[in-house]
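Listed below, chain by chain, are the residues.
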Amino acid sequence: MFNRKFLAGGCLLALGWAITFVMAADPPTAGWSDVRQAINQGLPKTAIEKLNPIITRAMEQEKYAEAIRAIGLKIALEGNIQGNKPEEKIVRMRAEIDKAPQEMKPAMNAVLANWFWHYFQQNRWR
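### Observations concerning the packing of helix α4 (residues 64-81) against helix α6 (residues 105-123)
Right, on to step 1. Where α4 meets α6, the closest approach of the two axes is 10 Å, and the angle between their N-to-C directions is 25 degrees. With respect to α6, the element α4 is oriented roughly parallel. Along this stretch, α4 crosses α6, giving a crossing that reads as right-handed. On α6, the residues that touch I68, I71, G72, I75 and A76 of α4 are A107, M108 and W115.
Right, on to step 2. Of the residues assigned to the contact of α4 with α6, the class counts are seven nonpolar, one polar and no charged.

Encoded structure:
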């Protein structure tokens, strides 16, 4: 019973984080309003599809902050779809960090550290 409530609270926390992440001021690149709209409608897979061109365009234009934001949101949404397991998000972020340009790695490592903390908080009772 406790685990179910704890898991539901973790899911809501991660979903709230993802929505807050998107609701922040939209970057100037087109497409963010579509992502926000898909999340508001409860369509995370659609939001992920709309994030892919944003990531590609941001990487091509070397808008690394926007790319990091889009990659983090994409991983968070994918993690929520697969049961909000922090370990899934950690593995995906590590893979993205390995592929990322050097300029993006420090900020991505900061996001990864936050997700490690989230994992620790959910599993410290073990």
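### Examining α6
Right, on to step 1. Look at α6: 26 Å from first C-alpha to last across 19 residues, which is about the 27 Å you get at 1.5 Å a residue.
Right, on to step 2. Listed as buried for α6 are M108, L112, W115, H118, Q122 and N123. Looking down the long axis of α6, one finds its buried residues gathered within 120 degrees of arc, a one-sided arrangement.

### Structural notes on the confidence of the model for the protein
Right, on to step 1. In the predicted model, the protein carries a mean pLDDT of 81, and the fraction of residues at 70 or more is 77%.
Right, on to step 2. Of all helices and strands in the protein, the one with the weakest mean pLDDT is helix α1 (residues 2-23) (51), whereas helix α3 (residues 44-60) scores best (93).

### What about the packing of aromatic side chains?
Right, on to step 1. Within this structure, the stated rule accounts for one aromatic pair.
Right, on to step 2. For the cation-ring pair, R69 lies above W32, with the distance from its terminal atom to the ring centre recorded as 4.4 Å.
Right, on to step 3. One residue, K89, lies across the ring of W115, its end atom 5.7 Å from the ring centre.

Definitions and cut-offs
Residues numbered from 1 in each chain as written. Predicted model: local features only at pLDDT ≥ 70, side-chain atom pairs only at ≥ 80, totals over all residues. Heavy atoms only, no water. Axes fitted to C-alpha atoms, helices over the stretch in contact; angles between N-to-C directions. Helix = DSSP H or I, 4+ residues; strand = E, 2+ residues; numbered from the N terminus. Parallel < 35°, antiparallel > 145°, perpendicular 65-115°, else oblique. Left-handed = near helix turned anticlockwise from the far one by under 90°. Contact = heavy atoms within 4.5 Å. Nonpolar A, V, L, I, M, F, W, Y, C, P; charged D, E, K, R; others polar. Expected span 1.5 Å × (residues − 1). Buried < 20%, exposed > 50% of the residue type's maximum accessible area, 1.4 Å probe, protein only. Arc of directions from axis to C-beta. pLDDT = per-residue confidence, 0-100. Phe/Tyr/Trp six-rings, centres within 6.5 Å; stacked < 30°, edge-to-face > 60°. Lys NZ or Arg CZ within 6 Å of the ring centre and 35° of its normal.

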